[in-house]
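Residue-level listing of the chains:
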Amino acid sequence: MLSITIGLVGAGRMAPALARGFVDAKLILPAAVIASDPTEAARAAFGIEVRGAKVVAENGAVVSHADVVILAVKPQQMQSVLTEIRGAIRGDALVVSIAAGVTLNSLAAGLSPGQRIVRVMPNTPCLIGRGASGYSLGAHATPADGRLVAQLLSAVGAAHEVPEEQLEAVNGLSGSGPAFVYTMIEQLAAGGVEMGLPAELAADLAARTVAGAAEMVLSTGETPAVLRDRVTSPGGTTLAGLTALANNGFEKAVVEAVRAAGIVTVHSAGNS
């Protein structure tokens, strides 16, 4: 178990998911978690989800005590939050930002010189412990900081260190990707309904098909191309469906969706 105090500035949906993951993985005790949020409803929800954690309204009460400060605020709120906490945050604290599009340079400019910073791109499946996150170390962060962040993120899924210039691609892929997959599930189900299945059954089959296919990739270590070829017979039904996808621009559309999401992250600081 880690002998650290973790403070979360912002108690929205991602913050309690992370804290609960840390506690459930027995990395820290609930009493080692303190979170702040100006919204009473968010504070109450955090307290229910992470029993035993301390939840307060003032950000200063969090950052003045925490060994690791997780900035879980919206990108457009980041500069004002940094201005507020700069004087209160401990100089030896590790600052971890999960705000999309807010660069390490922007974070460093808003904090004291020499502050150790790590920038993280998590995604919403962190809420169920199946996240896929990327992270980058700031100029003053140490390899030990990187290992700590990887350990914490592993409590809610998988984590990969990448150069900061690749974080926008991570956001376009795994950050926005769940929405693309939800759309795929939705349309698979719609196809089932069109072919005569009840809507509820079609939705269940579609979701389980996508989940099972993803698990096949992760558990077998095979590439999607190899797995696809194994279920595609010459002249068969799967080939007919794949041909329809290709004829309607499916592959290009998915690649363009990832690219577009990544570009929007760069230009709008994550306001998607």
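Treat the numbers as computed from the prediction; the structure is a model and nothing was measured.

Chemist: Before we go on, may I ask you to explain the sheet that holds strand β2 (residues 33-36) in this structure?
Modeler: Two modes of strand pairing occur in sheets, parallel and antiparallel, and in both the strands are linked by backbone hydrogen bonds. The eight strands are arranged β3-β2-β1-β4-β5-β6-β7-β8 in an open sheet whose pairing can be described as mixed. At either margin of the open sheet sits one strand with a lone partner, and together these are β3 (54-56) and β8 (157-161). Between one strand and the next, the sheet's axes are offset by a mean angle of 20°, whatever the strand orientation. Direction of pairing for strand β6 (residues 116-121) relative to strand β7 (residues 131-137): antiparallel, over a ladder of four bridges. By the bridge assignment, Met121 is partnered in β7 with Gly134. In the packing of helix α2 (residues 40-49) onto the sheet, the strands contacted are β1 (6-9), β2 and β3, and the crossing angle to β3 comes to about 180°. Here helix α6 (residues 143-153) sits on the sheet and contacts β1, β4 (68-71), β5 (94-97), β6, β7 and β8; the angle it forms with β7, its principal contact strand, is near 165°.

Chemist: Any chance you could explain the environment of Ala100 here in plain terms?
Modeler: Checked against the element boundaries, Ala100 lands in the loop between β5 and α5 (104-110). On the basis of relative accessible area, Ala100 is assigned to the buried category, the value being 15%. Taking the C-alpha atoms as reference points, Ala100 and Val120, separated by 20 residues in sequence, lie 8.1 Å from one another.

Chemist: Any chance you could explain the environment of Leu18 here in plain terms?
Modeler: Take Leu18: it is sitting in helix α1 (residues 14-24). Of the residues examined, Leu18 reaches a relative accessible area of 3% and is grouped as buried. Leaving out residues up to four positions away in the same chain, Leu18 has contacts with Ile70, Ile98 and Val156.

Chemist: Would you explain the pairing of β6 in this entry?
Modeler: Consecutive side chains of a regular strand alternate in pointing toward one face of the sheet and then the other. Of all the six residues making up β6, five are buried; the element is thus mostly covered by neighbouring parts of the structure. As judged from the four bridges shared by β5 and β6, these two strands associate in the parallel manner. Its bridge partner being in β6, Leu94 is matched across the sheet by Arg116. As a crossover connection, the stretch from β5 through α5 into β6 is right-handed.

Chemist: What's the story with the packing of helix α7 (residues 167-175) against helix α8 (residues 177-194) in this structure? I'm lost.
Modeler: Helices that pack against each other are described as a pair by the angle of their axes relative to one another and the distance between those axes. Following both chains from N to C, one finds α7 and α8 inclined at 25°, their axes separated by 5 Å at the closest point. What the angle tells us is that α7 and α8 run roughly parallel. Contacts between α7 and α8 involve Gly172, Leu173, Ser174 and Gly175 from the first element and Gly177, Pro178 and Phe180 from the second. Residue classes in the contact of α7 with α8 are distributed as three nonpolar, four polar and no charged.

Chemist: Even after reading the chapter, I still don't get the pattern of salt bridges, so can you show me in this structure?
Modeler: One side chain can pair with another of opposite charge once the charged atoms of both are near each other. Counted according to the given criterion, the structure contains 10 salt bridges. The residue Asp67 makes a salt bridge to Arg90 at a minimum N-O spacing of 2.9 Å. Linking Asp67 in the loop between α3 (59-63) and β4 with Arg90 in the loop between α4 (78-85) and β5, this pair joins segments that are 23 residues apart in sequence. Accessibility expressed as a relative area gives 24% for Asp67, which makes it partly exposed. The exposure class assigned to Arg90 is partly exposed, which follows from its relative accessible area of 23%.

Chemist: Would you take a moment to explain the side chain of Asn59 for this structure?
Modeler: Tracing the backbone shows Asn59 in helix α3. What Asn59 contacts, discounting residues up to four positions off in sequence, is Val9, Ser36, Val81, Glu84 and Ile85.

Rules used throughout
Every chain is numbered on its own, with residues counted from 1 as its sequence reads. With pLDDT at 70 or above as the cut-off, local features in this predicted model cover only qualifying residues; side-chain atom pairs require 80 or more to be listed or tallied, and sums for whole chains, interfaces and linings still use all residues. The side-chain values count all of the structure's non-hydrogen atoms but skip hydrogen atoms and water molecules. In short, DSSP must find at least two bridges between two strands for them to pair. Secondary structure counts use DSSP, requiring at least four H or I residues in a row for a helix and at least two E residues in a row for a strand, with both numbered from the N terminus. Axes here mean lines fitted to C-alpha atoms, for a helix over just the part in contact, with angles spanning 0 to 180 degrees between N-to-C directions. Any two residues whose heavy atoms approach within 4.5 Å at even a single point are treated as in contact. Here the term buried applies to any residue with accessible area under 20% of the maximum for its type, exposed to any over 50%, and partly exposed to those in between, with areas from a 1.4 Å probe on protein chains only. Think of it like this: strands point away, you trace from the first strand over the helix to the second, and a clockwise trace means the crossover is right-handed. Geometric relationships in this document are graded by angle, where less than 35 degrees denotes roughly parallel, more than 145 denotes roughly antiparallel, 65 to 115 denotes roughly perpendicular, and other angles denote oblique. All amino acids are sorted into three groups, where Ala, Val, Leu, Ile, Met, Phe, Trp, Tyr, Cys and Pro are nonpolar, Asp, Glu, Lys and Arg are charged, and the leftover types, Gly among them, are polar. In the sections that follow, a salt bridge refers to a side-chain nitrogen of Lys or Arg positioned within 4 Å of a carboxyl oxygen of Asp or Glu.

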